[in-house]
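The lines below spell out each chain.
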Amino acid sequence: MMHMLNLEATLFCGQTFAWKKNGPLYQAVIQDRFIQFNEADFSELVVNDAFLFHYFDMDWEYTKAESTLCMRDEHLKTCIERYRSLHILNQDPWEVLVGFLLSQNNNIKRIRQLYERLSVQYGRSSEAGFFSLPRPEALESVDETALRSLGLGFRAPYLLDAIQQHRILWALPALPYEQALSALMQIKGVGPKVAACILLFGYHRMEAFPMDTWMQKVMQDRYPGKDSSYFAPYAGLAQQYLFHAERNQGGHV
DNA sequence: GGCCAGGCCCCAG
DNA sequence: CTGGGGCATGGC
């Protein structure tokens, strides 16, 4: 019996900006592959497709992690029970880097828009009007004016620097967490929060604990004096539950 | 029509 | 190293 997955929470908790819900259909282009399915077909889809099995992280220890975190405190337990089986996707690091460069001082609706505009403008046409996010190689000759005209604003030079320095991503799997963080922060526009997102969503580093405005409020209100080590060794998963719950209902039951 | 958005850069102390 | 202003753009 395979561990089930909470599709709504997993795809729309803000870890990815690629997915759309079109009636009963979940749709996205992931690394040049157009993916589309009904919720009812999900289980069969992932067991027969190694790429998607990995992407949806079907073989990680969610049962153990959830039960461990549920014992930490009541609030976290409530969040987990509300959104149970939220998975941390195994995303392509470049796609995560771009998404979260666009995310700063921005709202989720507009992050998705910018992500899609980049795909339509520079990515490859796939199916059903969907486009893949362009690889860094496809963006080498893009200039700041072009990116600003898409609406990136002050983030345009950040993306330009990321395009130039994208090879930093290759070295990260071998690095200890703190070194991986500082390597990422050499990219302009990548600070502690964005770097943590890249390590969590692009490299499945469970130590990562992205601290944005929502999480600062959660930590201040619910966990004064504590830090991410309180949730070890599953800080990243705890962060997603706390963040998602806080954004959806202000954290209240 | 202001306020604000999954932050970060940059510069002052 | 800590703190706060400024930042492009548009959703609400």
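Residues numbered from 1 in each chain as written. Chains lettered and ligands numbered in written order. Predicted model: local features only at pLDDT ≥ 70, side-chain atom pairs only at ≥ 80, totals over all residues. Heavy atoms only, no water.

Draft legend 1. Looking closely at the protein's contact with DNA strand C. Close to DNA strand C lie Asn105, Asn107, Lys109, Arg110, Gln113, Arg148, Gly151, Gly153, Phe154 and Arg155, which account for all nearby residues. Within the side chain of Gln113, one N or O atom sits 3.4 Å away from a phosphate oxygen of DNA strand C. Interatomic distance of 3.3 Å between a backbone N/O atom of Phe154 and a sugar or linking oxygen of DNA strand C. Examining the composition of the surface near DNA strand C, we find that 3 residues originate from one element, helix α7 (residues 108-122), more than from any other. Of the residues contributing to the surface near DNA strand C, the split by class is 1 nonpolar, 5 polar and 4 charged. (Near = heavy atom within 4 Å. Polar contact = N/O pair within 3.5 Å; in protein donor to acceptor, adjacent residues only side chain to side chain. Helix = DSSP H or I, 4+ residues; strand = E, 2+ residues; numbered from the N terminus. Nonpolar A, V, L, I, M, F, W, Y, C, P; charged D, E, K, R; others polar.)

Draft legend 2. Structural detail: the protein's contact with DNA strand B. In the neighbourhood of DNA strand B, 27 residues make up the surrounding shell, with Gln104, Asn106, Val194, Asp212 and Gln239 lying closest. At the protein interface, 59% of the atoms of DNA strand B within 4 Å belong to sugar or phosphate. Thr213 is positioned with one of its side-chain polar atoms (N or O) 3.5 Å from a phosphate oxygen of DNA strand B. Measuring from a base nitrogen of DNA strand B, one finds a side-chain N or O atom of Gln239 at 2.4 Å. When residues of the surface near DNA strand B are assigned to their parent elements, the largest contribution, 4 residues, is made by helix α12 (residues 192-203). Among the residues forming the surface near DNA strand B, the class breakdown is 12 nonpolar, 12 polar and 3 charged.

Keep in mind these numbers describe shape, not what the thing actually does.
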